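An overview of the molecular structure
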Amino acid sequence: MSNNKILSALFGSHKAAAAPALKAVPPSPSRAELIHPGGGFDVAGYDLNGSYRVLSRKTGQLVTLSGKLDEATLLTKLGAAYCLDHYGTMDPKTRKRVFASDVLAEEIRLGCDEFGPAQAETVRGPGLYEDDGKLVVHYGLAVYDETGTPVDTTPTKQRVYVAGESLGFDDSTPSASAADVHLVESTFESFGFEQQHGAAVSLGWLASAAMGAVLPHSPSLIVTAERGSGKTTWVDLQTALLGRQAVRRDGVPTVAQVLHAVKDSSLAMICDEFEPLKVSKGEMLKLAEVFNSGFTKTPGKGKFSRVIGGKVQYFNAPAGVVLCGIHLPELEPALESRSVRLSMVPKQRAGMTKSPLLDPASGVQPGELGARLRRLLVARWQVMRDARAAVHRMLQDIGHPDRRADTWSPLLAGYIALKHDSVPALRDLAALIAQWGLNVVPQDEHESHGEACLAAMLDRKVVVRVEADGKTAKLYTRVREALQTLVSGDADRNTLAALDKHLAMLGVRALFDRQRETWTLAVASSEHHVGARQLFQGTAWARGTWKAALLTLPGAARGQQRFAGDSVKAVLVPAPAAISNPPSVSDDDAPAPRQPAGANATARGEWVV
């Protein structure tokens, strides 16, 4: 036997050694990854038409499979390699491996039916979320929590993650250094702000906008400027630092443009050359309502809905809003009450060194620095969250109303999170609040605001229909006059009952404290109270802002009262002297409601006219 034959018998032939190796098994993808090599799927329920919905691991997108789940559709949507590897079978006739599409189709049908109806509001694109007190970051193609632990992206009834454009940073991005933060702050300080804390507020808004999707409140920033003040340069810097977490528009955007921008992710809206007087009042009111939707976030409800084309669609709330323009006028009151105003003026820059962030020749890339800043904020989320709660309580203790504390606390917290790796001591927080001019409450300004709100409510006209002796009569009066009549008792029993019932429908009651012998007005404070909304409709305190305004009045307090049989939250304010000490009915100048005749009367209320 030759040596070659002996070697072949012992170790195999050369041809056998050259045979194709077995197919390598790819490593299992991380549960945080939305796109898997080769494809795949996870069931995600069914829509109102009964069509099945799955999360394609080929594209990371939700796919609706309507009608027959044929072979071509499954191969295309879910990935040919996945389908053949996991649902392939040997054809006994051809002895070739074929795709058993009927097996996969049956699995999808059974799985989606068991999952239940699909909910559009549970879909999560790239962005920040909070689950069970933990920060969850959807970077675009993968999802991790604040500690870098992978988050399972298998669809559930509570959340369905879908792939999208990257946030511009991920869990491997290095965090910004103290020098980076100082560079950004010093750059903001180079602008000419009338307010001493203008640069700090700019830095705080940057942080609050980056993390706005998970903050309980996201305030707006209104920057009114003079020509030549560098407003657009400031806008360019904010836009670059926020990167893909912001959308910039020049001019006044339409509601449709804003809704389109936040459909898939909660982004900050940056508007330059904002000229509200060039659009109608009605359009500005609608736009302000969308901007305000991001100010307060209800736990567990990260989206708001709009009916468009007869269909309910869901949108993310803006993570923050900044409106910049030349000599901006007062905007819609509800928007102003949720905003901080800064004023920019031209600054003499002769002899000043230009910031590297504003000098393209310096080589410093604002976008890259912004990515590191946002990565730092993710790492310091606990600091930002705890700092916001601490300064919110401190602002309330100082005497600021809830709305003002809600507006300023995220800005303070954002500034703190960028500057500190832990929550500063209370004395340091108090010093920062003082530096921002928030250590005192401008009582005259607040009280006039509250008094104006109360006066607007008392001046509202109302109509009460009273049925007496089989006839219906209308009683025309104002809320002030109705309260005066109730307090004085200068009317017959049926009229008094009618007035009391109608005011209760509107969320207003007059309460007498027998110990102090004083009158108090109780006003329903919930923005969802139908009567109170009607009462303040068309005023500067619509959409629930009357609560914050009335609480600024001296002696005002929160409480719980019954209105028309329902126990609701209320604001309790001392009754004005004109109500607690109404003029005598003998006074010829005293206003009095027109009273219907009839001894036996039943009252029915009408809404405000």
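Residues numbered from 1 in each chain as written. Predicted model: local features only at pLDDT ≥ 70, side-chain atom pairs only at ≥ 80, totals over all residues. Heavy atoms only, no water.

Remarks on the side chain of Asp402
- One can find Asp402 in helix H14 (residues 402-419).
- For Asp402, the side chain forms a polar contact with the side chain of Arg558, separated by 2.3 Å.
- Excluding anything up to four places from it in sequence, Asp402 contacts His392, Gln396 and Arg558. (Helix = DSSP H or I, 4+ residues; strand = E, 2+ residues; numbered from the N terminus. Polar contact = N/O pair within 3.5 Å; in protein donor to acceptor, adjacent residues only side chain to side chain. Contact = heavy atoms within 4.5 Å.)

Observations regarding helix H7 (residues 198-210)
- Relative to the 18 Å expected for 13 residues at 1.5 Å per residue, H7 spans 18 Å between its end C-alpha atoms, a close match to the ideal helical length.
- For H7, the tally of buried residues reaches 13 of 13 residues, placing the bulk of the element in the interior. (Expected span 1.5 Å × (residues − 1). Buried < 20%, exposed > 50% of the residue type's maximum accessible area, 1.4 Å probe, protein only.)

Topic: the packing of helix H17 (residues 479-488) against helix H18 (residues 493-505)
- Two elements in contact, H17 and H18, have axes whose closest approach is 10 Å; the angle formed by their N-to-C orientations is 130°. Classed by the angle they form, the pair H17 and H18 counts as oblique. Classified by chirality, the crossing of H18 by H17 is left-handed. Facing Val479, Ala482, Leu483, Thr485 and Leu486 of H17, the residues of H18 in contact are Leu496, Leu499, Asp500 and Leu503. (Axes fitted to C-alpha atoms, helices over the stretch in contact; angles between N-to-C directions. Parallel < 35°, antiparallel > 145°, perpendicular 65-115°, else oblique. Left-handed = near helix turned anticlockwise from the far one by under 90°.)

What about the nonpolar core?
- Of all hydrophobic cores here, the largest spans 73 residues; its most connected members are Val184, Phe188, Trp205, Leu221, Trp234, Leu242 and Trp436.
- Excluding anything up to four places from it in sequence, Trp436 contacts His197, Ala200, Val201, Trp408, Leu411, Leu412 and Tyr415.
- Counting 40 residues, the second-largest nonpolar core is a separate cluster that includes Val508, Leu511, Ala524 and Leu572. (Core = buried A, V, L, I, M, F, W, Y, C linked by side-chain atoms within 4.5 Å.)

Description of the sheet that holds strand S21 (residues 518-524)
- Ordered in space as S20-S21-S23-S22, the 4 strands form an open sheet in which the pairing is antiparallel. Bordering the open sheet on either side are strand S20 (508-513) and strand S22 (557-563), each of which pairs with just one other strand. Taking each pair of neighbouring strands and ignoring which way they run, the sheet shows an average axis angle of 40°.
- As paired elements, S21 and strand S23 (residues 566-574) share 5 bridges and run antiparallel to each other. Counted as the bridge partner of Ala522 is Leu572 from S23. (Pairing = 2+ DSSP bridges.)

What about the packing of aromatic side chains?
- Under the defined criterion, the tally for this structure stands at 10 aromatic pairs.
- Relative to Tyr161, the ring of Tyr129 has its centre 6.3 Å away and its plane inclined at 80°; by these criteria the two rings are edge-to-face. Of this pair, Tyr129 sits in strand S7 (residues 127-131) while Tyr161 sits in strand S10 (residues 160-161), placing them 32 residues apart in sequence. Of the two residues, Tyr129 and Tyr161, neither departs from the other in class, the shared state being buried.
- The interplanar angle of 90° and the centroid separation of 5.6 Å between the aromatic rings of Tyr139 and Phe169 together place this pair among those described as edge-to-face. With Tyr139 in the loop between strand S8 (134-138) and strand S9 (143-145) and Phe169 in the loop between S10 and helix H6 (178-189), this pair connects stretches of sequence that are 30 residues apart. (Phe/Tyr/Trp six-rings, centres within 6.5 Å; stacked < 30°, edge-to-face > 60°.)

Focus: the sheet that holds S7
- Within the open sheet, the 3 strands sit side by side as S7-S8-S9. Their pairing is antiparallel. Unpaired on one side and paired on the other, S7 and S9 mark the two borders of the sheet. Neighbouring strand axes in the sheet, compared pairwise and without regard to direction, differ in orientation by 25° on average.
- One ladder, built from 3 bridges, connects S8 with S9; its direction is antiparallel. By the bridge assignment, Val137 is partnered in S9 with Tyr144.

A short note on the environment of Gln484
- Considering the arrangement of structural elements, one finds Gln484 in helix H17.
- A relative accessible area of 8% means that Gln484 is categorised as buried.
- Here the alpha-carbon distance between Gln484 and Ala510, two residues 26 residues apart in the chain, equals 9.5 Å.

Details of empty space enclosed by the protein
- For the structure on display, the rule yields 1 cavity of 30 Å³ or more.
- Considering only enclosed or pocket space, the largest cavity measures out at about 60 Å³ in volume.
- Surrounding the largest cavity, 13 residues form its lining, Leu128, Ala210, Gln245, Ser266 and Ala319 being those nearest its centre.
- Looking at the lining of the largest cavity, the elements that each hand over two or more residues are S7 and H7.
- A per-class count over the lining of the largest cavity returns 9 nonpolar, 4 polar and no charged. (1 Å grid on protein atoms, 1.4 Å probe; cavity = no way out; pocket = protein on both sides within 12 Å on 5 of 7 lines; lining within 4 Å. Points joined across faces, edges and corners; volume = space filled by probe spheres on them. Nonpolar A, V, L, I, M, F, W, Y, C, P; charged D, E, K, R; others polar.)

Some points on the environment of Gln435
- Here Gln435 shows up in helix H15 (residues 426-435).
- Here Gln435 falls in the exposed class, since its relative accessible area comes to 53%.
- Expressed as a C-alpha distance, the spacing of Gln435 and His197, which sit 238 residues apart in the sequence, is 7.0 Å.

Examining the pattern of salt bridges
- Inspection of the entire model under this criterion finds 17 salt bridges.
- We note a salt bridge from Lys231 to Glu273, for which the minimum N-O separation is 3.0 Å. With Lys231 in helix H8 (residues 231-242) and Glu273 in the loop between strand S13 (268-272) and helix H10 (281-292), this pair connects stretches of sequence that are 42 residues apart.
- We classify Glu273 as partly exposed; its relative accessible area is 33%. (Salt bridge = Lys/Arg side-chain N within 4 Å of Asp/Glu carboxyl O.)

Focus on the confidence of the model for the protein
- With 88% of its residues at a pLDDT of 70 or more, the protein shows a mean pLDDT of 85.
- Per-residue pLDDT stays below 50 along residues 5-23; that stretch engages in 4 contacts with residues further than four places along the chain or on separate chains.
- Low pLDDT (under 50) marks residues 584-609, which in the prediction has 67 contacts with non-local residues, meaning those over four places away or in another chain. (pLDDT = per-residue confidence, 0-100.)

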